Amino acid sequence: MSECLFCRIASGSLPTEFVFEDEHVVAFRDINPAAPVHILVVPRAHIETVADLGSDETGVMSRLTAAANRIAREAGVDAGGYRLIVNCGREGGQTVFHLHMHLLGGRKMPELAA
Ligand code: 5GP
Ligand code: ZN
């Protein structure tokens, strides 16, 4: 069995309610939400970080973005706006080393620190 948390969630071995799923992507609520809407959009394939994506894998980020946009519409945050974040590596704030996109919405996001 995979030791990777998001592989276990994506495969269903760690039962988690999905807000979206298709052949390539699953999405579920963050366990420690930083906003009223905080969804993690995750490829089923185990890719450690966004830095591992080569030029032949452009479809991965497109799929995550398309899923996030759809979830944002369904959550009703599309009109007000939302934030999509991908943390890369330890100094980038990544704590789970399976690529994921954060969808944050439902409140005014602060400006990014300089
Ligand atoms: P990162 O810091 O790697 O960009 O984001 C990882 C996110 O995963 C964090 O926001 C954290 O709250 C969330 N997270 C960690 N463990 C779990 C879990 O078991 N279930 C869910 N739904 N989210 C988790
Ligand atoms: Zn994984």
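Note that the structure is predicted; figures quoted are calculated from it, not measured.

(A) Representation of the site of ligand 1 within the structure. The environment of ligand 1 is made up of 15 residues, and the closest members are Arg29, Asp30, Thr95, His100 and His102. Between ligand 1 and the protein, one listed contact pairs a nitrogen atom with a backbone N or O atom of Ile31 at 3.2 Å. In this structure, an oxygen atom belonging to ligand 1 sits 2.8 Å away from a side-chain N or O atom of His102. Contact with the protein chains covers 80% of the free accessible surface of ligand 1, which is 520 Å². Breaking the shell around ligand 1 down by element, the ones donating at least two residues are α1 (5–11) and β2 (25–29). Classifying every residue of the shell around ligand 1 gives 6 nonpolar, 7 polar and 2 charged.

(B) Looking closely at the coordination of the zinc ion (ligand 2). Bound to the zinc ion (ligand 2) on the protein side are Cys4 (SG), Cys7 (SG), His46 (ND1) and His98 (ND1), at distances that span 2.0 to 2.3 Å. Given 4 donor atoms and angles of 106 to 119° at the metal, the environment of the zinc ion (ligand 2) is assigned as tetrahedral. Between consecutive donor residues of the zinc ion (ligand 2), the sequence gaps follow C-x2-C-x38-H-x51-H. Residue Cys7 is located in helix α1, and its partner His46 is located in the loop between β3 (37–43) and α2 (58–75); the two are separated by 39 residues in the primary sequence. For His46, a relative accessible area of 41% puts it in the partly exposed group.

(C) Region of interest: the nonpolar core. Membership of the largest hydrophobic core comes to 18 residues, with the highest contact counts inside it found for Ile39, Val41 and Ile71. Contributing elements (two or more residues each) for this core: β2, β3, α2 and β5 (101–105). If one sorts the elements of this core by residue count, α2 sits on top with 6 residues. If we ignore the near neighbours within four places in the chain, the residues touching Ile71 are Val19, Phe20, Ala27, Ile39, Val41 and Leu103.

(D) Up close: α2. The terminal C-alpha atoms of α2, which comprises 18 residues, lie 26 Å apart, in line with the 26 Å expected from a rise of 1.5 Å per residue. Residues Val60, Leu64, Ala67, Ala68, Ile71 and Ala72 constitute the buried set of α2. Within α2, the buried residues cover an arc of 140° as seen down the axis, which keeps them to one side. Along α2, the residues that are exposed and aim more than 90 degrees away from the buried face are Thr58 and Arg73. One or two steps after α2, the chain reaches Gly76, where phi turns positive at roughly 80°.

(E) Quick look at the state of the cysteines. Summed over the entire model, instances satisfying the criterion amount to 0 disulfides. Between Cys88, a cysteine without a disulfide, and Cys4, which holds the nearest cysteine sulfur, the sulfur-to-sulfur distance is 15 Å. The class for Cys88 is partly exposed, based on a relative accessible area of 33%.

What counts and what doesn't
Residues numbered from 1 in each chain as written. Chains lettered and ligands numbered in written order. Predicted model: local features only at pLDDT ≥ 70, side-chain atom pairs only at ≥ 80, totals over all residues. Heavy atoms only, no water. Near = heavy atom within 4 Å. Polar contact = N/O pair within 3.5 Å; in protein donor to acceptor, adjacent residues only side chain to side chain. Areas by Shrake-Rupley, 256 points an atom, 1.4 Å probe, with all protein chains shown as cover. Helix = DSSP H or I, 4+ residues; strand = E, 2+ residues; numbered from the N terminus. Nonpolar A, V, L, I, M, F, W, Y, C, P; charged D, E, K, R; others polar. Donors = N, O, S within 2.8 Å, 3.2 Å for Na, K, Ca; no water. Tetrahedral: all angles 85-135°; square planar, octahedral: opposite > 155°, others 65-115°. Buried < 20%, exposed > 50% of the residue type's maximum accessible area, 1.4 Å probe, protein only. Core = buried A, V, L, I, M, F, W, Y, C linked by side-chain atoms within 4.5 Å. Contact = heavy atoms within 4.5 Å. Expected span 1.5 Å × (residues − 1). Arc of directions from axis to C-beta. Disulfide = S-S within 2.5 Å.

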